[in-house]
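Structural description and commentary
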Amino acid sequence: PNRPVVSFEEVAVYLSDCTVRNVNYLLNVTPDPEGCIPDNQREVLEQLGRWMEKVGNAIHGTRGGPWQPQFGEYGFSFRDDKIYAHIFAGYRDRASGTFRTQSIGARSVQRVRDLNTGKELPWTLNDDKTISIRNVDYAATPAVTILEISLTDKITLPRTAK
C-alpha cells in the first residue's frame, strides 16, 4: 500500500495518448486483503475522475483522428462535429501559448475552447486552412491540455478499401 503508484499526470497522458491512437487503456488497482483500495491509488483515481468530468467528451465515444498524432507533442480525437486536440508536455510551441492544427479543408469553425478551464479561445483560420489558436493556458493542465474545436459540419473520414 505504501509503494509508489503511477501519478495522475502519467495516467492522464496514457489515457489521452491511447485515445488519439484508438487504443483501449486498462488501469489496474490492487485492493488490500479486505477489498479496500489503498489511499495512494484512490487519490489518483479521484483526481482522474475530477479531470474526466471536465474533459471526458474528448475521451468517451471518440475516435482517433482525423489527423495522425505527433509522438510526445499532440494528437486528435473526434466525434460528430467536434475535434479534440490533446496537447502533451513535449509540444514544441507551448511557450508561445498557441496551437496550430492541420488543414480543416472546407469545414468551418464555430468556436474553440479549453475543456479543462471551459474558457473560449481566440482563433484564426489561416490561408492554408489550418487553425491558429491563441491564449492557450498550458499551465492549467501541464500533463495534457485538451482543446475542443467545434465545427459547423459533422466529420466523416474516407472509407478504406478492404
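In spatial order, the strands read β1-β2-β3-β8-β5; together these 5 strands make up an open sheet with antiparallel pairing. Each end of this open sheet is capped by a strand with a single partner; those strands are β1 (63-64) and β5 (109-114). Alignment of strand β2 (residues 74-79) against strand β3 (residues 82-88), held across 6 bridges, turns out to be antiparallel. By the bridge assignment, R79 is partnered in β3 with K82. Helix-sheet contacts for helix α1 (residues 8-20) involve β1, β2, β3 and β8 (144-151), and the interaxial angle to β3 is about 135°.

With that out of the way, let us pick up the packing of aromatic side chains. Under the counting rule described, the total for this entry stands at 9 aromatic pairs. Taking 6.3 Å as the distance between ring centres and 50° as the angle between the ring planes, the aromatic pair formed by Y91 and Y138 counts as tilted. Of this pair, Y91 sits in the loop between β3 and β4 (99-100) while Y138 sits in the loop between β7 (131-133) and β8, placing them 47 residues apart in sequence. Of the two residues, Y91 and Y138, both sit in the buried class. Taken together, the ring pairs connect W67, Y74, F76, Y91, F99 and Y138 into an aromatic cluster.

The rules we used
- Residues numbered from 1 in each chain as written.
- Predicted model: local features only at pLDDT ≥ 70, side-chain atom pairs only at ≥ 80, totals over all residues.
- Heavy atoms only, no water.
- Pairing = 2+ DSSP bridges.
- Helix = DSSP H or I, 4+ residues; strand = E, 2+ residues; numbered from the N terminus.
- Contact = heavy atoms within 4.5 Å.
- Axes fitted to C-alpha atoms, helices over the stretch in contact; angles between N-to-C directions.
- Phe/Tyr/Trp six-rings, centres within 6.5 Å; stacked < 30°, edge-to-face > 60°.
- Buried < 20%, exposed > 50% of the residue type's maximum accessible area, 1.4 Å probe, protein only.

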